[in-house]
Amino acid sequence: MIFFKMWVCILWVCVHGVCDKLGDKCPVRQLKELVRGERCCVVGTLFKSMALKPSILKDIGSSQRRITGLPPQPPRSKYIAPSDELILEDQLQRVTLCGDISTEELVTGLVVAVLGEELDNGKFHVEDHCFVGIPPQEPMETDQANDRYVLLVSGLNLGSAWCDQLSIQLLVDYLSGQLGAYNDQLFCSSIVRVIVAGNSITDKPLVSNTRKDKVRYLSRNYTAETVGAVKELDSTLAQLSSSVLVDLMPGSHDPTNHVLPQQPLHKCMFPQGSRWSNLKGVTNPYEASIHGVLFLGTSGQNTDDVYKNSSLLDRMQILENTLHWGHIAPTAPDTLASYPYANDDPFILKKCPHVYFSGNQPSLQHRTVHGDQNQRTLLVTVPNFDLTHSCALVNLRTLECQELSFATTCLSSRDNPELKLYLSQRRQEEEQSYHSPVDREGEGETSALFEQEDSDDDMD
């Protein structure tokens, strides 16, 4: 149903794009109107048939393999295979695509217009294709006289075995003006907001050896390790919120709903931080206007899922592609869990952001993309702070990005073989794993696009 809604919402945008690109040379047909040998244009939704795509049936088969003594299917960082096929479908029919279209780089859920003809074997030979493109963009209304900055950080992973508390504390002290000389403190005063882009709590908490050796009924009085991680996060957010506005996004590791859009982390988990009005829990995906600059971003699940289901290796290229595709999370709900919306798809890009970011990525990358209608968007892949000890700083006036590093030499991976091995394993796991409307005076507005209303039958 959600793919059909996506197709309906983007159909006429693709049709107009095809007409602008090809003129009136070829008629636009539905799949049921195809005539073999006739050169025409068809608009539909892509489905990528993948032999290696995870499924519950394969999981059941893996259980049977364990019972019979056969080894289970190995974990994969990518699920693509040479036998993959692209299938174009509309509300009535579907057809297999071949020709000038990249099966490896595209994913399920994309609305595309293809130019070509139907062959005798029933396949549609593609000569050219186009996507929705970058949507229109509203002009920035930021102050051009003074430089203001927004800090993007992700992947604190508090509670992990190798969590570098010193680097996190250096970040907090720097933003609160307790580090550096007068010029550094003056510069920090121009940082108007901090966006924490998910995965603030680790998914693999450190468990003591004494706890591991005990059976469950003897360890019932122990406190869960994640409780201590939440307390550490609460203390960190309280220090940050005392001096700067903080928007806290949930991630795949954080205690909130798993499906997208993820709802804000409940403020009851942060008794210290919630005392400050500067701390706001926001949704994932996140959209807000900050001093006239439109920010849009996620905690990285959409980028990671496209990475797994395509041959694309560059995370920045994936982020740029989603902008041209006109959809934040095209693979949802096929391989990326999402809420089953009935009437609309909130992940469709209806207006072009000025800053578009993706959190919890292997490294910091940034690029400026220009559209056909004078759109200008800064793309940022926010690095995992737990692995890189760095974050991104965005200038609201110039839309330039720079890296801030808080690495400590005492925990350098070059000097610590165990830490080097751990970081290597963490990077491999990251590659293999799936990855409120509030007015603030003069500080912009957080969008409620991805928020869901509370149900009337919620349990107390």
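Thresholds, definitions, all that
Sequence order as written defines residue numbering, which begins from 1 separately in each chain. Totals for whole chains, interfaces and linings use every residue, but because this is a predicted model, local features are given only for residues with pLDDT of at least 70 and side-chain atom pairs only at 80 or more, for both listing and counting. Remark: hydrogens and water are excluded; side-chain values derive from all non-hydrogen atoms of the structure. Where helices and strands are cited, they refer to DSSP runs of H or I of at least four residues and of E of at least two residues respectively, numbered from the N terminus. Relative accessibility thresholds used throughout: buried, under 20% of the residue-type maximum; exposed, over 50%; partly exposed, between the two (1.4 Å probe, protein chains only). Here the open area of atoms and residues is found with the Shrake-Rupley method and a 1.4 Å probe, where only the protein chains shown may cover a residue. Known as pLDDT, the predictor's confidence for each residue is given on a scale from 0 to 100. Residues count as neighbours in contact if any of their non-hydrogen atoms are within 4.5 Å of one another. In what follows, salt bridge is the name for a side-chain nitrogen of Lys or Arg lying within 4 Å of a carboxyl oxygen of Asp or Glu. When two rings of Phe, Tyr or Trp (its six-membered ring) have centres within 6.5 Å they constitute a pair, described as stacked for plane angles under 30 degrees, edge-to-face for angles over 60, and tilted for the intermediate range. Polar contact is the term for a pair of N or O atoms within 3.5 Å; when the atoms are in protein, one must be able to donate a hydrogen and the other to accept it, and sequence-neighboring residues count only if both atoms are side-chain atoms. Here, any two strands with at least 2 DSSP bridges between them count as paired. Axis angles are defined between N-to-C directions and span 0 to 180 degrees, where every axis is a line fitted to C-alpha atoms and, for a helix, only to the segment in contact. By nonpolar core is meant a set of buried Ala, Val, Leu, Ile, Met, Phe, Trp, Tyr and Cys residues that side-chain atoms within 4.5 Å join together.

(A) Inspection of the overall build of the protein at higher detail. Check the secondary structure of the protein and you find 10 helices and 19 strands. Within the protein, the fraction of its 460 residues that count as buried is 48%. Counting only carbon and sulfur atoms, one obtains 50% of the accessible surface of the protein, whose full area is about 22,300 Å².

(B) Representation of the confidence of the model for the protein in the model. Chain-level pLDDT for the protein is 82 on average; 75% of the residues reach the 70-or-more range. In the model, residues 410-415 has pLDDT below 50 throughout and makes 8 contacts with residues more than four positions away in sequence or in other chains. Overall, residues 433-442 carries pLDDT values under 50, and its contacts beyond four positions in sequence, including any with other chains, amount to 32 contacts.

(C) Up close: the pattern of salt bridges. If you walk through the whole model with that rule in mind, you get 10 salt bridges. In this structure, Arg29 and Glu38 form a salt bridge, with 2.9 Å as the shortest nitrogen-oxygen distance. Arg397 is the salt-bridge partner of Asp147, the closest N and O atoms lying 2.4 Å from each other. Of this pair, Asp147 sits in the loop between β6 (124-130) and β7 (149-153) while Arg397 sits in the loop between β16 (390-395) and β17 (401-405), and the two are 250 residues apart along the sequence. Bridged by salt links that share partners, the residues Asp314, Glu320 and Arg367 form one connected network.

(D) Here's a closer look at the packing of aromatic side chains. This model, assessed by the stated rule, comprises 5 aromatic pairs. Here Tyr149 and Phe187 contribute two aromatic rings whose centre-to-centre distance is 4.8 Å and whose plane-to-plane angle is 50°, an arrangement assigned as tilted. With Tyr149 in strand β7 and Phe187 in helix α4 (residues 182-188), the pair connects residues that are 38 residues apart, well separated along the chain. Of the residues examined, Tyr149 reaches a relative accessible area of 10% and is grouped as buried. Here the aromatic rings of Tyr339 and Tyr341 are separated by 5.0 Å at their centres, their planes lie at 70°, and the arrangement is edge-to-face. Taking the relative accessible area as the measure of exposure, Tyr341 reaches 18% and is therefore buried.

(E) Inspection of helix α8 (residues 315-325) at higher detail. Most of α8 sits inside the fold, with 9 of its 11 residues counted as buried. Within the span of α8, buried status applies to Arg315, Met316, Ile318, Leu319, Glu320, Asn321, Thr322, Leu323 and Trp325. One side-chain oxygen at the N-terminal end of α8 lies 3.1 Å from the backbone nitrogen of Met316; it belongs to Asp314. One or two positions beyond α8, positive phi appears at Gly326, with a value near 75°.

(F) Representation of the environment of Glu118 in the model. For Glu118, the position within the fold is in strand β5 (residues 111-118). Using a relative accessible area of 16% as the deciding quantity, one classes Glu118 as buried. Linking Glu118 and Thr96, residues 22 residues apart in sequence, is a C-alpha distance of 9.7 Å. If we ignore the near neighbours within four places in the chain, the residues touching Glu118 are Leu34, Val35, Arg36, Gly37, Glu38, Lys123 and Phe124.

(G) Structural context of the sheet that holds β16. Strand order in the open sheet formed by 6 strands is β10-β9-β8-β7-β16-β17, with mixed pairing between adjacent strands. Each edge of the open sheet is held by one strand with a lone partner, namely β10 (279-281) and β17. Each adjacent strand pair in this sheet contributes to an overall mean axis angle of 25°, direction not counted. Two strands pair when backbone bridges link them, and β7 and strand β8 (residues 191-197) are joined in this way by 5 bridges, in the parallel orientation.

(H) Looking closely at the environment of Ile134. Along the polypeptide, Ile134 turns up in the loop between β6 and β7. Taking the C-alpha atoms as reference points, Ile134 and Thr322, separated by 188 residues in sequence, lie 9.2 Å from one another. Excluding anything up to four places from it in sequence, Ile134 contacts Leu323, His324, Cys352, Val369, His370, Gly371 and Gln375.

(I) A look at the nonpolar core. Judged by nonpolar contacts, the single largest core of 32 residues is most densely connected at Leu151, Val153, Leu156, Leu171, Leu175, Val194 and Val246. When neighbours within four sequence positions are excluded, Val194 is seen to be in contact with Leu151, Val153, Leu175, Val244, Leu245, Val246 and Asp247.

(J) Molecular detail of unusual backbone geometry. In the segment running from Asn284 into Pro285, the intervening peptide bond is cis, with an omega of 10°. Within the fold, Pro285 resides in the loop between β10 and β11 (286-290). With an omega of 5°, the peptide bond running from Ala332 to Pro333 counts as cis. The residue Pro333 is located in the loop between α8 and β13 (355-361) in this model. Notably, Asn374 is not glycine yet its phi reads approximately 65°, a positive angle. Considering the arrangement of structural elements, one finds Asn374 in the loop between β14 (365-370) and β15 (376-383).

(K) Focus on the side chain of Thr298. Considering the arrangement of structural elements, one finds Thr298 in strand β12 (residues 293-298). Polar contacts involving the side chain of Thr298 include one to the side chain of Asn302, which spans 2.7 Å. The residues touching Thr298, leaving out its near neighbours within four places in the chain, are Ala197, Met249, Asn284, Pro285, Ile328, Phe357, Ser358 and Gly359.

(L) Expanded view of the pairing of β5. Within β5, 7 of the 8 residues are buried, which leaves it mostly tucked inside the rest of the structure. In the sheet, β5 pairs with β6 via 6 bridges, with the strands oriented antiparallel. Its bridge partner lying in β6, Glu117 is registered against His125. The hairpin formed by β5 and β6 contains 5 residues between the paired strands, and Gly122 there has a positive phi angle of roughly 90°.

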